[in-house]
Amino acid sequence: MTRAGLRTLVALSVATVTASAIPAATPGVASTRTQSTASVTGSARVFYPQAPDDDVRFTFDARAVSPAAGQVPYPADAEGTVRVYHRVAALDLTLWAEGEVNCVMTSGRASTLTAIVTKTSPELNQSWLGKHLGFTVFDGGDDDSGRSLDQMGSTGPLENLAKCMAGSPNAPVMAPAPFFTVRSGGYRVTSA
């Protein structure tokens, strides 16, 4: 399957929300302004240098929707889901976690987002549930051969987030620079 075909398949399987346009007003007709949305969607297998034989995947269906028509969304006006999948080849073990998105910020082709872990595989249950995860995604498009140039980065669940938080225990987490390269799949970042 070509990179373009795979991106189309990902787009169909993940509800992609794109930025909405504000239509021009017509004299005598009430203006119907739509909400603006910032989003990060897609799924990709990344190269995990610490264990190159492992299958590590991140899936995002995240968006920040403006609170009122015509306004730019605040990062905390976020909703959606993050999924982390890690098949540890050396142990023949599959670990996974799912989180509820609580912050999304986009600018051009780059984004940061955060989530609180709500579900995990049994092996991670006590250590990850309720923890914050931070992510960065760079939508790099494809090279001439169709290979993804996307990148992403992530934090693990963090115990003490005082240096990376805006004050309260549920505040968003700072995310790292995107350091994973994509092996297959890809991401789409849409700015509001």
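Structure first, text after, so check above.
Here's what I pulled together on the structure shown here.

Definitions and cut-offs
- Residues numbered from 1 in each chain as written.
- Predicted model: local features only at pLDDT ≥ 70, side-chain atom pairs only at ≥ 80, totals over all residues.
- Heavy atoms only, no water.
- Buried < 20%, exposed > 50% of the residue type's maximum accessible area, 1.4 Å probe, protein only.
- Helix = DSSP H or I, 4+ residues; strand = E, 2+ residues; numbered from the N terminus.
- Pairing = 2+ DSSP bridges.
- Contact = heavy atoms within 4.5 Å.
- Salt bridge = Lys/Arg side-chain N within 4 Å of Asp/Glu carboxyl O.

## Concerning the pairing of strand β3 (residues 78–88)
- A one-sided burial pattern is seen for β3, the buried positions being A78, G80, V82, V84, H86 and V88 and the unburied ones E79, T81, R83, Y85 and R87.
- Strand direction decides the pairing type here: strand β2 (residues 55–65) and β3, joined by ten bridges, are antiparallel. Its bridge partner being in β3, V56 is matched across the sheet by H86.
- Here β3 pairs with strand β4 (residues 93–107) via eight bridges, running antiparallel.

## Considerations on the side chain of S121
- Following the sequence through the fold, S121 ends up in the loop between β5 (110–120) and α2 (125–128).
- The exposure class assigned to S121 is buried, which follows from its relative accessible area of 1%.
- Beyond its immediate stretch of four places on either side in the chain, S121 contacts T94, L95 and W96.

## Some details on the pattern of salt bridges
- Using the criterion set out here, one finds eight salt bridges in the structure.
- In this structure, the salt-bridge partner of R87 is D92, at a minimum N-O distance of 2.0 Å.
- Put simply, R45, D55 and R57 are held in one network by salt bridges that share partners.

Purely spatial values, then, with no claim about function.
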